[in-house]
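Residue-level listing of the chains:
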Amino acid sequence: MVRWNGADQREAVLAALRGLDDLTEVALLTRTNAAAHDWVQALRDGGFEVTRLEDWDGSRAGGVRVGTLHRAKGAEFRAVFLPDEHRPAGFHRDEVESLQRQLLVAATRARDLLWIGALEEAEG
């Protein structure tokens, strides 16, 4: 497991993906559809082939899979990236606990590598 902390998560994810020998069976999972959309664009801008989980047919081809935690239900990948997402300050305890359960389940989707991001708040 790789646990990353920092402010420039986009570059950290791109660098970690570039460091992999093989991008088959790699997934980047998010909490929201909006975040998944943003990551699809970021990965494509970074030169990666991307397949959205909603369009994935289960084949090994197609580059990095990107989608929501919910969409990955029942799937397994060689490597899973779980980038941090800013959460609204008004999250209730039950929402936080639900998210933690979802992340735990998503972590079990990884066979060989689990990359977990933790954004640091900007000072100032």
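Cut-offs used in this document
- Residues numbered from 1 in each chain as written.
- Predicted model: local features only at pLDDT ≥ 70, side-chain atom pairs only at ≥ 80, totals over all residues.
- Heavy atoms only, no water.
- Salt bridge = Lys/Arg side-chain N within 4 Å of Asp/Glu carboxyl O.
- Buried < 20%, exposed > 50% of the residue type's maximum accessible area, 1.4 Å probe, protein only.
- Helix = DSSP H or I, 4+ residues; strand = E, 2+ residues; numbered from the N terminus.
- Pairing = 2+ DSSP bridges.
- Lys, Arg positive; Asp, Glu negative; His and termini not counted.
- Polar contact = N/O pair within 3.5 Å; in protein donor to acceptor, adjacent residues only side chain to side chain.
- Contact = heavy atoms within 4.5 Å.

Asker: Go over the pattern of salt bridges, please, and point to the residues and values.
Answerer: Here the structure, examined in full by the defined rule, presents 6 salt bridges. The residue Asp 55 makes a salt bridge to Arg 52 at a minimum N-O spacing of 2.7 Å. Overall, the relative accessible area of 49% leaves Asp 55 in the partly exposed class. By relative accessible area, which is 35% here, Arg 52 ends up partly exposed.

Asker: Requested: an account of the pairing of strand E2 (residues 26–30), with residues and values cited.
Answerer: Two faces belong to every sheet, and in a regular strand the side chains alternate between them. By the criterion of burial, E2 is predominantly enclosed, with 5 of the 5 residues buried. A two-sided burial pattern is seen for E2, the buried positions comprising Val 26, Leu 28 and Thr 30 on one face and Ala 27 and Leu 29 on the other. In terms of strand pairing, E2 meets strand E5 (residues 77–82) through 3 bridges, oriented parallel. Of the residues in E5, the one forming a bridge with Ala 27 is Val 80. Judged from the 4 bridges that link them, E2 and strand E4 (residues 64–68) form a sheet pairing that is parallel. Along E4, the bridge assignment pairs Ala 27 with Arg 65.

Asker: I'd like a description of the side chain of Glu 85, backed by residues and values.
Answerer: Inspection of the secondary structure puts Glu 85 in the loop between E5 and helix H3 (93–107). Of the side chains bearing the opposite charge, Arg 31 lies closest to the buried Glu 85, which forms no salt bridge; the N-O distance is 4.1 Å. A polar contact of 3.4 Å, which involves the side chain of Glu 85, links it to the side chain of Thr 32. Every residue in contact with Glu 85, bar those within four places of it in the chain, is listed here: Thr 30, Arg 31, Thr 32 and Ala 35.

Asker: Hey, could you go over the pairing of E4 for me, with residue numbers and the actual values?
Answerer: The buried count for E4 comes to 5 of 5 residues, which makes it a mostly enclosed element. Two strands pair when backbone bridges link them, and strand E3 (residues 50–52) and E4 are joined in this way by 3 bridges, in the parallel orientation. Bridging across to E4, Thr 51 finds its partner in Arg 65.

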